[in-house]
Every structure is written in structure tokens, then in C-alpha cells.
Amino acid sequence: MSPRKGVQKRVLVTAGPTRERIDPVRYLSNDSSGKMGFAIAAASVAAGHEVVLIAGPVDLETPKGVKRIDVESAREMLAEVRKAFPECDTLFMAAAVCDFRPARRLRGKWRKKDVGQERASLELIPNPDILGAITRRKGDRLVVGFALETSDGLRRAREKLERKRMDYVVLNGPSALNATKTSVKILGRDGSQRDLAGRTKSAVAKVLVGLRAPSKG
């Protein structure tokens, strides 16, 4: 599929964390607030685009004009992204998807006395790589992903950019979680780099929505 000609595009955005259930009352997750993804969705609508937002569990108001689909787990998010991706021109993968999930979800509450030991262990298995799976059929779509790194960020982000067939990757750090402002590096597949320091997430979102496909050289 090739992006439609003209100003309006169909934009797909993922946002927020996923939750991976251990039992009916406990889960694995992370501190993602979803603010960046929601800001991208709002900026996309403001730019005149048609937007589908696939959101993990967050307490945020849906931006006006956005079609929102709520999910909980990584597998649920993957299923919805697969449905929406063929009809989109641009994908912003801003969700913080849990890398692992419990190998077995307990039907009842996991209680200490059921274990009978001072220590307990939880077996984890990998979640699907949503972006890696989806971009196998990327075509001419613009794909922008995120990389939150705690060390050796530039190297890791560039490796992720290539491995997952993205056009751009947005590198940030743990301080971005749940924050109003953020500092990011936007790395392009053409070797470009743009630094945005101390910007609101809304300001960063406007820059991201304005991105164009890098030159193939």
C-alpha cells in the first residue's frame, strides 16, 4: 500500500502501557502514562488527519476527533494494530509494551499460603514484538517508533531502527515517563539526528507529525 496523495492521511497511534495479568487482581506493567501517544493523536487531528488511537490502560481523555480503541495486554494490542495497519498511511508506535508476560495466568488469587515457601518464582515468556511483526509488510508507510533506554542509548536505538524497519526512532530516557516535558533525539534511517530538549510532549508531537519519509539515498 502507498500513502494517499493529498494533505489528509490515515494515522495509527499506539499509546500507554500494557498489563499482563498474573491473576484476577495482579499484573505486570510499567509507568507509561500514555501522554506522548495521546499528544501525537491530538497533533495529527490538528494537522487534518484521520486518526485511530489504540490505547493501553490510561486515565486520559480521548482527543477530539480521534477514534479510540482500548486494550489491556500486548496480544490484544497486536490484534488491533494488525486490523488497523493495512488501512493506515502512518504509524506512531508510542506504546510501552511489556516485553514479558506470565507463562500461566492463575484463575484465582495467588496467595502466599498457597506457595508454602518463603520465596516464590514467576515464570515469564516473551510477548510478541508488535512493531517487528507489523513492519514486515511496511510498504511505503511512514513508521515512527520509540526507544526508552537507560544506557548506551544511541547505539541501541539505531540498532532498533534498523532491526524493526522504521523510518524514525525517538530516543528518550526514564525521566520521560509520566512527565509533561521530555527531551528526545529523533534518529532517521538516513543517518539524520534531531535533538529536542526540555519540550512539552505536545510540542514534540507536532514535530513528529510533521516528519516526512527520509530519502532512500
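Residues numbered from 1 in each chain as written. Predicted model: local features only at pLDDT ≥ 70, side-chain atom pairs only at ≥ 80, totals over all residues. Heavy atoms only, no water.

(A) The packing of aromatic side chains, seen in detail. This structure, assessed with the given rule, holds zero aromatic pairs. Lying across the ring of Phe85, Arg141 places its NZ or CZ 4.4 Å from the centre. (Phe/Tyr/Trp six-rings, centres within 6.5 Å; stacked < 30°, edge-to-face > 60°. Lys NZ or Arg CZ within 6 Å of the ring centre and 35° of its normal.)

(B) Here's a closer look at the side chain of Lys201. Its location among the elements puts Lys201 in helix H6 (residues 201-209). Summary of buried charges: Lys201 has no salt-bridge partner, and the nearest side chain of opposite charge, Asp31, is 12 Å away. Sequence-distant contacts of Lys201, that is, excluding residues within four places in its chain, are made with Ser33, Lys35, Met36, Ala39, Ala176, Asn178, Ala179, Thr180 and Thr182. (Helix = DSSP H or I, 4+ residues; strand = E, 2+ residues; numbered from the N terminus. Buried < 20%, exposed > 50% of the residue type's maximum accessible area, 1.4 Å probe, protein only. Lys, Arg positive; Asp, Glu negative; His and termini not counted. Salt bridge = Lys/Arg side-chain N within 4 Å of Asp/Glu carboxyl O. Contact = heavy atoms within 4.5 Å.)

(C) Structural view of empty space enclosed by the protein. Using the criterion set out here, one finds one cavity of 30 Å³ or more in the structure. Lining the largest cavity are Lys9, Val11, Ser44, His49, Thr90, Phe92, Leu142, Leu208, Val209, Leu211 and Arg212. When contributions to the lining of the largest cavity are tallied by element, the ones reaching two or more residues are strand S6 (90-93) and H6. The residue inventory of the lining of the largest cavity, partitioned by class, reads six nonpolar, three polar and two charged. (1 Å grid on protein atoms, 1.4 Å probe; cavity = no way out; pocket = protein on both sides within 12 Å on 5 of 7 lines; lining within 4 Å. Points joined across faces, edges and corners; volume = space filled by probe spheres on them. Nonpolar A, V, L, I, M, F, W, Y, C, P; charged D, E, K, R; others polar.)

(D) Examining the packing of helix H1 (residues 35-46) against H6 more closely. Interaxial distance between H1 and H6 falls to 8 Å at its minimum, and their mutual angle equals 55°. Between H1 and H6, the angle falls in the class oblique. Regarding H1 and H6, the two cross each other, and that crossing is right-handed. Contact residues: Lys35, Met36, Ala39, Ile40, Ala43 and Ser44 in H1; Lys201, Ser202, Val204, Ala205, Lys206, Leu208 and Val209 in H6. (Axes fitted to C-alpha atoms, helices over the stretch in contact; angles between N-to-C directions. Parallel < 35°, antiparallel > 145°, perpendicular 65-115°, else oblique. Left-handed = near helix turned anticlockwise from the far one by under 90°.)

(E) Structural context of the sheet that holds strand S10 (residues 168-172). In spatial order, the strands read S5-S4-S1-S6-S9-S10-S11-S12; together these eight strands make up an open sheet with mixed pairing. Edge positions in the open sheet fall to strand S5 (66-70) and strand S12 (193-200), since each of these has one partner strand only. Taking each pair of neighbouring strands and ignoring which way they run, the sheet shows an average axis angle of 20°. Along the sheet, helix H2 (residues 74-84) makes contact with strand S1 (10-15), strand S4 (50-55), S5 and S6, crossing S1 at roughly 175°. (Pairing = 2+ DSSP bridges.)

(F) Quick look at the environment of Arg158. Here Arg158 is to be found in helix H5 (residues 153-163). A C-alpha to C-alpha distance of 28 Å links Arg158 and Ala47, two positions 111 residues apart in sequence.

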